[in-house]
Amino acid sequence: MNATATKRSLGDRFLTGIERVGNKLPEPFALFTILFLITAVVSTAMAWAGVVVQVPGKEDPVAIQGLFTGDGIAWFTTTLGENYIGFPPLVTVATILLAIGIAEKSGFLAAAIRFTIGSAPRWMLPYTVGFVGVVGSIMADSAFVVIPPLAALAFKAAGRHPVAGLLGGFAAAGAGYSTNIFPTSLDALFAGITNAVIPTVPALAETATEVNPLSNYYFNIVSALVLSLVAGWVIDKIVEPRVERAGVSRDEVSPETQQLMTDTRAIRIVGDEQTVAESQEPDVEAALSPREKKALLWGGVTFVLIGVLLAVFALVPNSPWRNEDGGFLPKSPLLSSIVFIIFAFFSVSGYVYGRVAGTVRGYKDVPVMMGAALKDMTSFLVLAFVLGQFIALFNWSGIGSWIAVSGATALENAGVTGFPVIIGFILLCSLLNLFIISGSSMWTLMAAVFVPMFGILGFEPAFIQAAFRVGDSATQVMTPLNPYMVVLLTMLRKYEPSAGLGTVMARMIPFVVPFWVVWVIILVVFYVFGLPLGPGVGIMIGD
């Protein structure tokens with residue numbers, strides 16, 4: 001009894017410490033404003049000190065440039081708008097979200113999830129929830145609100161414990177957030193940030209493969225499928241038995257929370273930013289109505305037909321999507337058209353579903369749904385302003401090059417240049433993810449330093465991006481700074497009124513460790529066997 005109490009006390013103190021430290025961090029906009037100012041001061045001091053760096057690909061040493069100098073002030077005042085509008089993720093993320101907004105607002109994505117979960121046999125239900133949770137990231141943060149209660153309903157209908165479905169749906173959606181079998185807006189976001197920092201080292205820009213939303217696609221497919229199985233196994237073999245042994249009720253016992261999905265003050269993350277908004281979600285039913293089933297069939301057929309048409313267009317001789325050699329790799333108009341392809345899939349399929357289901361009355365609803373999608377990413381559009389300024393200054397000043405060259409040289413001198421340095425990078429990402437839950441903020445910070453540094457060591461930028469995905473996702477479901485923890489807690493209290501944030505975190509840990517370990521093993525397999533991460537993208541530069 002005392003040992004158990006001690007362990008629980010240590011765990012509580014650990015989680016409380018994370019929460020305390022994290023709460024002292026400024027919000028992402030303020031954080032990057034501070035980092036911008038620090039970079040400005042440091043760059044100016046280094047410029048006055050005459051610091052230079054020998055950058056690979058440059059014949060002459062490059063001098064550090066300071067923001068608080070004549071040239072620096074002139075550069076900043078003339079490029080403020082360009083730094084923002086030229087922030088690469090804006091071009092791809094906004095366009096993709098317009099299309100996914102149509103698919104989401106029409107109900108197409110939610111219907112597909114409901115059908116998949118609701119039609120699974122009892123024995124397969126945990127694995128289906130795991131799969132739907134992992135691929136649910138295509139709905140962005142809505143997955144955290146939609147999938148857990150649907151999973152709970154499906155589990156209860158199948159005679160299984162609803163809390164196991166609730167916890168499993170949330171864990172799979174969070175711990176597997178950075179991977180998917182479909183290209184998503186997150187792929188475009190990461191690719192844009194990665195490409196923005198590559199020019200820091202000219203030799204890297206000349207030799208490394210340009211990153212696009214499909215650069216981690218093969219890695220993502222394998223990760224999504226394997227992690228779905230892991231999530232299902234944890235739900236089936238660990239979480240559900242533990243919930244049963246704990247005596248958690250299978251029925252709702254907290255009347256004050258029965259209106260969770262219809263009237264709740266929910267914390268939502270829009271574009272990786274926290275905002276508190278009044279949520280008016282409709283009641284969720286696992287089963288589809290006959291009209292919804294018909295609409296889903298038409299939407300699915302449309303999705304497949306678009307795929308066939310695009311494949312035919314790409315494969316015909318002399319296709320405009322082929323490169324000068326008649327192929328598609330390593331570069332081609334096809335790979336540069338990924339944003340258009342994703343847009344076509346989700347916008348058209350979502351529109352067809354909406355027309356049949358009656359959720360879309362006509363083409364006039366399209367701009368309304370697109371507008372709603374853009375409204376959901378308002379916080380990201382604001383955050384992108386300061387992210388763009390930070391990246392631009394980091395590159396222009398030469399500090400990014402200096403850190404990359406100095407760091408790579410130190411690692412080489414220490415004899416740490418292989419996969420162990422990647423493991424260290426993943427561990428660092430996992431630790432920081434406990435305190436900085438914004439994916440775009442984290443990758444902007446990490447990419448600015450580590451993509452050029454590891455690029456000098458010979459790693460493809462896309463490989464570093466894949467490693468970041470591993471470290472960025474697994475631990476976010478156990479940090480008290482994840483605002484969706486509050487939403488999950490409210491759902492859990494329908495069955496377990498005495499539950500607190502510590503309860504939620506303790507029940508997420510069984511997912512975190514297996515996800516992290518298995519995902520690292522997947523990355524090791526790709527590394528050891530030199531498997532392509534995506535179309536035309538290897539592990540090492542020049543492979």
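Quick summary incoming for the structure in this document. Small disclaimer: the values here were computed from a predicted structure and weren't measured. (Residues numbered from 1 in each chain as written. Predicted model: local features only at pLDDT ≥ 70, side-chain atom pairs only at ≥ 80, totals over all residues. Heavy atoms only, no water.)

### A short note on the overall build of the chain
Here is the rule we go by: Starting at the N terminus, helices and strands are each numbered in turn, a helix being any DSSP run of H or I of at least four residues and a strand any DSSP run of E of at least two. The classification of residues rests on relative accessible area computed with a 1.4 Å probe and restricted to protein chains. Under 20% of the type maximum is buried, over 50% is exposed, and intermediate values are partly exposed. Each accessible area is a Shrake-Rupley estimate made with a 1.4 Å probe; only the visible protein chains count as cover when residues are assessed.
Scanning the chain from N- to C-terminus turns up 21 helices and four strands. A total of 543 residues make up the chain; the buried ones form 55% of that total. Entry remark: accessible area of the chain is about 22,600 Å², with carbon and sulfur atoms responsible for 65%.

### Topic: the packing of aromatic side chains
The line we're drawing: Paired rings are identified among Phe, Tyr and Trp, the last through its six-membered ring, by centres lying within 6.5 Å, and are further divided according to the angle between planes into stacked (under 30 degrees), edge-to-face (over 60) and tilted (the rest).
By the definition in use, this model includes 26 aromatic pairs. Connected via pairs of aromatic rings, a cluster forms that spans Phe419, Phe425, Phe450, Phe454, Phe459, Phe463 and Tyr527.

### As for the pattern of salt bridges
Threshold: In what follows, salt bridge is the name for a side-chain nitrogen of Lys or Arg lying within 4 Å of a carboxyl oxygen of Asp or Glu.
Under the defined criterion, the tally for this structure stands at nine salt bridges. Notably, a salt bridge pairs glutamate 292 with arginine 114, separated by 3.1 Å at the nearest N-O pair. In this pair, glutamate 292 is assigned in helix H12 (residues 290–315) and arginine 114 in helix H5 (residues 108–118), connecting sequence segments 178 residues apart. On the accessibility criterion, arginine 114 (14% relative accessible area) is buried. Residue arginine 507 pairs with glutamate 496 through a salt bridge whose shortest N-O separation is 2.5 Å. Taken together, the residues span a long stretch of sequence, with arginine 507 in helix H21 (residues 501–529) and glutamate 496 in the loop between helix H20 (484–492) and H21 at a distance of eleven residues. For the pair shown, arginine 507 and glutamate 496 are each scored as buried. Each of the salt bridges in this network shares a partner with another, and the network as a whole consists of Arg160, Asp236, Lys237 and Glu240.

### So, helix H18 (residues 439–456)
Which entries qualify depends on this criterion: Helices are assigned an expected span. That span is 1.5 Å times one less than the residue count. The quantity called bend is, for any residue, the angle between two axes fitted respectively to the seven residues ending at it and the seven beginning at it.
With 18 residues, H18 should cover 26 Å at 1.5 Å per step; its first-to-last C-alpha distance of 24 Å lies within 8% of that length. The largest bend in H18 is about 45°, located at alanine 447. Following H18 by one or two positions, glycine 458 adopts a phi angle in the positive range, close to 105°.

### Concerning helix H13 (residues 338–357)
Counted at 1.5 Å a residue, the expected span for H13 with its 20 residues is 28 Å, and the 28 Å between its end C-alpha atoms agrees. Just downstream of H13, glycine 358 is the residue with a positive phi angle, here 90°.

### Focus on the side chain of threonine 39
The condition is simple: Throughout, a residue-residue contact means that at least one pair of heavy atoms, one from each residue, lies within 4.5 Å.
Residue position: threonine 39 is located in helix H2 (residues 28–48). The exposure class of threonine 39 is buried, given its relative accessible area of 7%. With residues up to four places along the chain from it excluded, the contact list for threonine 39 reads Phe390, Leu393, Phe394, Ser397 and Ile399.

### Concerning a nonpolar patch on the surface
Operational definition: In this analysis, a patch consists of residues with relative accessible area above 30% that form no salt bridge, clustered at 9 Å for like charges and at 5 Å for the nonpolar side chains Val, Leu, Ile, Met, Phe, Trp and Tyr.
Nonpolar side chains collect at one region of the surface, where Ile509, Val513, Val517, Ile521, Val525, Val528, Phe529 and Leu531 lie side by side and expose about 690 Å² of accessible area between them. Of note, valine 525 is situated in helix H21.

### A closer look at the nonpolar core
Operational definition: What makes a nonpolar core is a set of buried Ala, Val, Leu, Ile, Met, Phe, Trp, Tyr and Cys residues whose side-chain atoms join them at distances within 4.5 Å.
Counting residues in each nonpolar core, the largest one holds 159 residues, and the members touching the most others are Ile422, Phe425, Trp443, Phe454 and Met508. The residues touching isoleucine 422, leaving out its near neighbours within four places in the chain, are Phe454, Phe459, Phe463, Ile464, Ala467 and Leu523.

### Thoughts on the environment of proline 320
On the secondary structure map, proline 320 appears in the loop between H12 and H13. A sequence separation of 13 residues divides proline 320 from proline 333, and the C-alpha atoms of the two residues are 7.2 Å apart. Aside from chain neighbours lying at most four places away, what touches proline 320 is Phe313 and Pro333.

### A closer look at the packing of helix H3 (residues 70–85) against helix H15 (residues 378–397)
Filter applied, for reference: Interaxial angle, 0 to 180 degrees, is taken between N-to-C directions of lines fitted to C-alpha atoms, where a helix line uses only the stretch in contact. Our angle categories are set so that under 35 degrees counts as roughly parallel, over 145 as roughly antiparallel, 65 to 115 as roughly perpendicular, and the remainder as oblique. Crossing handedness is read from the near helix: turned anticlockwise from the far helix by less than a right angle, it gives a left-handed crossing, and turned clockwise, a right-handed one. We call Asp, Glu, Lys and Arg charged. Ala, Val, Leu, Ile, Met, Phe, Trp, Tyr, Cys and Pro are nonpolar, and the rest, Gly among them, are polar.
The N-to-C vectors of H3 and H15 enclose an angle of 140°; their axes lie 10 Å apart at closest approach. The angle between H3 and H15 places the two elements in the oblique class. Seen from above, H3 lies across H15 with right-handed handedness. Contact with H3, carried on its side by Asp71, Gly72, Trp75, Phe76, Leu80, Asn83 and Tyr84, involves Leu381, Ala384, Phe385, Gly388, Gln389, Ala392, Leu393 and Trp396 of H15 and no other residues of that element. Class assignment for the residues of the contact of H3 with H15 results in ten nonpolar, four polar and one charged.

### As for the side chain of threonine 79
The cut-off we apply is this: A 3.5 Å cut-off defines polar contacts: any pair of N or O atoms within that distance qualifies, except that in protein one atom must be a possible hydrogen donor and the other a possible acceptor, and neighbouring residues in sequence count only when both atoms are side-chain atoms.
Within the element layout of this structure, threonine 79 appears in helix H3. From its side chain, threonine 79 meets the backbone oxygen of tryptophan 75 in a polar contact 2.6 Å long.

### Some points on the environment of glycine 57
Along the polypeptide, glycine 57 turns up in the loop between strand S1 (52–53) and strand S2 (62–63). According to the relative accessible area criterion, glycine 57 is exposed, its value standing at 54%. In sequence terms glycine 57 and alanine 205 are 148 residues apart; their C-alpha atoms lie 9.1 Å from each other.

### Some words on unusual backbone geometry
A positive phi is found at asparagine 318, a non-glycine position, where the angle reads about 60°. Position of asparagine 318 among the secondary structure elements: in the loop between H12 and H13. Residue classification places asparagine 318 among the exposed residues on the basis of a relative accessible area of 77%.

### Regarding the environment of glycine 534
Its place among the elements puts glycine 534 in the segment after H21. Residues contacting glycine 534, with those up to four places away along its chain left out, are Leu214, Ser215, Tyr217 and Tyr218.

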